[in-house]
Amino acid sequence: MRHEGEHLYARPPASPDGRRLSDALLQLRRSEQLQAERAVRASGLSSVDLTALRYLVQGERDGRDLGPKDVIVMLNTSSATVTNVIERLVGRGYVTRVQHPTDRRAHYLKPTPDAIRCVEESYGEHHATLVAVIDDLDDGDARVAAEIVERLVDSLDDLVARDSSA
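The notes below deal with the structure included here. The residue numbers shown here count from 1 along each chain, following its written sequence. Totals for whole chains, interfaces and linings use every residue, but because this is a predicted model, local features are given only for residues with pLDDT of at least 70 and side-chain atom pairs only at 80 or more, for both listing and counting. With hydrogens and water set aside, each side-chain value is computed from the structure's full complement of heavy atoms.

Focus: helix α6 (residues 139-165)
For α6, spanning 27 residues, the distance from its first C-alpha to its last is 38 Å, which sits close to the expected 39 Å at 1.5 Å a residue. Here a polar contact means two N or O atoms within 3.5 Å. Within protein one must be a hydrogen donor candidate and the other an acceptor candidate, and residues neighboring in sequence count only if both atoms are side-chain atoms. A helix here means a DSSP run of H or I that spans at least four residues, while a strand means a run of E at least two residues long, and both kinds are numbered starting from the N terminus. Of the residues that open α6, the one with a side-chain oxygen 3.0 Å from the backbone nitrogen of glycine 140 is aspartate 138. Here the expected span of a helix is defined as 1.5 Å times the quantity of residues minus one.

A look at the packing of aromatic side chains
Aromatic pairs are defined between Phe, Tyr and Trp rings, using the six-membered ring for Trp, whenever the two ring centres lie within 6.5 Å; interplanar angles under 30 degrees are classed as stacked, those over 60 as edge-to-face, and all others as tilted. As enumerated under the stated definition, the model contains 0 aromatic pairs in all. Here, a charge over a ring is recorded when the distance from Lys NZ or Arg CZ to the ring centre is within 6 Å and its angle to the ring normal is within 35 degrees. Positioned above the aromatic ring of tyrosine 123, the side-chain terminus of arginine 54 is 4.0 Å from the ring centre.

A few points about the side chain of histidine 126
With respect to the helices, strands and loops of the structure, histidine 126 is situated in helix α5 (residues 113-136). When checking whether two residues touch, look at their non-hydrogen atoms; a contact exists if any pair is within 4.5 Å. Beyond its immediate sequence surroundings of up to four residues, histidine 126 is in contact with Glu32, Gln35 and Arg38.

Quick word on the nonpolar core
Counting 22 residues, the largest nonpolar core has Leu45, Leu53, Val71, Leu89, Tyr94 and Val95 as the members making the most contacts within it. Elements with a minimum of two residues in this core: α2 (47-61), α3 (68-75), α4 (79-91) and α5. Considering each element in turn, this core owes the most residues, 6 residues, to α2. We define a nonpolar core as any set of buried Ala, Val, Leu, Ile, Met, Phe, Trp, Tyr and Cys residues linked to one another through side-chain atoms lying within 4.5 Å. Only protein chains enter the calculation, and the probe is 1.4 Å; a residue is then buried if its accessible area is under 20% of its type maximum, exposed if over 50%, and partly exposed in between.

Some points on α5
Spanning 24 residues, α5 covers 32 Å between terminal C-alpha atoms, matching the ideal 34 Å at 1.5 Å per step. Taken residue by residue, α5 has Ala115, Cys118, Val119, Ser122, Tyr123 and His126 as its buried positions. Those residues of α5 that are buried are in contact with α1 (16-43), α2 and β2 (107-111).

Brief notes about a negative patch on the surface
A contiguous patch of negative charge on the surface is contributed by Glu147, Glu150, Asp154, Asp157 and Asp158. For aspartate 154, the position within the fold is in helix α6. Residue aspartate 154 is classed as partly exposed on the basis of its relative accessible area, which comes to 47%. Like-charged residues are merged into a patch within 9 Å and nonpolar side chains (Val, Leu, Ile, Met, Phe, Trp, Tyr) within 5 Å, provided each residue has over 30% relative accessible area and no salt bridge. Residue-level accessible areas treat just the shown protein chains as cover; the underlying method is Shrake-Rupley with a 1.4 Å probe. We count a salt bridge whenever a side-chain nitrogen from Lys or Arg sits within 4 Å of a carboxyl oxygen from Asp or Glu. Working convention for charge: Lys and Arg count positive, Asp and Glu count negative, and His plus the chain ends are omitted. Every charge is mapped onto a representative atom, which is NZ of Lys, CZ of Arg, CG of Asp or CD of Glu.

Comments concerning the environment of glycine 93
By the secondary structure assignment, glycine 93 is in the loop between α4 and β1 (95-99). Through-space distance from the C-alpha of glycine 93 to that of proline 111 is 8.7 Å; in sequence the pair is 18 residues apart. Apart from residues no more than four positions distant in its own chain, glycine 93 is found in contact with Thr112 and Asp114.

Points about a nonpolar patch on the surface
Taken together, Leu21, Leu25, Leu28, Val144, Ile148 and Leu152 make up a surface patch of nonpolar side chains, about 440 Å² in accessible area. Looking at the nonpolar patch, the elements that each hand over two or more residues are α1 and α6. Looking at the secondary structure, you find isoleucine 148 in helix α6. For isoleucine 148, a relative accessible area of 33% corresponds to the partly exposed category.

If you want it as structure tokens, here you go:
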């Protein structure tokens, strides 16, 4: 074991190939964590600020108008925390407030071109690397890999759902 995060706290898979897959998934998890830390360093933002900014940039790309309440839900945090996040992002020129067209009390949060550039520079190389590896797979391998990952995600999501209903 090279890193604590590469250890299972359960019985390992029975077969050598299963153990190899388990090890690979744990290493992928660690690599993703390192890439997230790299993105935070590259952006010069805190993790929570960068997460909020990514959400706002993606909302803009999807054509969704997002406000502070949306960020509260996405970050699963308090309105006070989100107010501070938004103030920091506005202060850095990454977000502007746009008046809601029908509600004088409400506003939308719009990422600026600098924000879009910041997110792209922070994550672009990481995501391009993933796409390059995926594009190098033949369709059958990509399909099998996707099915395995989807099954794992569904099973883990079931754990969360079970815990939140208890």
